[in-house]
Amino acid sequence: MVRINPVGAFMDSDPQTVVSVIKEMKAAGKGIVGMKILGQGEMRDRQDEALKFALGLGLLDAFTIGAENRTEQEDLIRRIGMAA
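Residues numbered from 1 in each chain as written. Predicted model: local features only at pLDDT ≥ 70, side-chain atom pairs only at ≥ 80, totals over all residues. Heavy atoms only, no water.

Colleague: So, the layout of surface pockets: which residues are in play, and what are the values?
Modeller: Of the voids in this model, the largest pocket is the one considered here, and its volume is about 240 Å³. Counted by class, the lining of the largest pocket contains six nonpolar, six polar and four charged residues. (1 Å grid on protein atoms, 1.4 Å probe; cavity = no way out; pocket = protein on both sides within 12 Å on 5 of 7 lines; lining within 4 Å. Points joined across faces, edges and corners; volume = space filled by probe spheres on them. Nonpolar A, V, L, I, M, F, W, Y, C, P; charged D, E, K, R; others polar.)

The structure is reproduced here in structure tokens:
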């Protein structure tokens, strides 16, 4: 599991460094699960940007993403489909 978002919120390092490490992990045959895609809520109003960044990397095998209610969850599902 790796924390990944374009602003570096709640990540282990800056996005460029994390992406470099993810690439090494993929090259070593590891499965990659992204988390903190919305930066633990810091990108709550920038969901499209965060999703396009994470999914556009082409490195994630799966990812987790949180929602506070059903409406927000359904909106995120729609946005994921558009960002993929």
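Colleague: How would you sum up unusual backbone geometry? Please name residues and give values.
Modeller: One non-glycine residue, Phe-10, lies in the positive phi region at around 55 degrees. Structurally, Phe-10 is set in the loop between strand 1 (2–3) and helix 1 (15–27). A positive phi angle is found at Gln-40, which is not glycine, with a value near 55 degrees. Here Gln-40 shows up in the loop between strand 2 (33–35) and helix 2 (47–56). (Helix = DSSP H or I, 4+ residues; strand = E, 2+ residues; numbered from the N terminus.)

Colleague: Could you give me a rundown of the pattern of salt bridges, with the residues and numbers involved?
Modeller: Enumeration according to the criterion identifies nine salt bridges in this entry. Glu-49 serves as the salt-bridge partner of Arg-46, at 2.8 Å between the closest nitrogen and oxygen. Assessed through its relative accessible area of 37%, Arg-46 is described here as partly exposed. Among the ionic pairs, Arg-70 bridges to Glu-74, the shortest N-O distance being 2.9 Å. You can see Arg-70 and its partner Glu-74 sitting in helix 3 (residues 70–83), four residues apart, about one turn around the helix. For Arg-70, a relative accessible area of 62% corresponds to the exposed category. (Salt bridge = Lys/Arg side-chain N within 4 Å of Asp/Glu carboxyl O. Buried < 20%, exposed > 50% of the residue type's maximum accessible area, 1.4 Å probe, protein only.)

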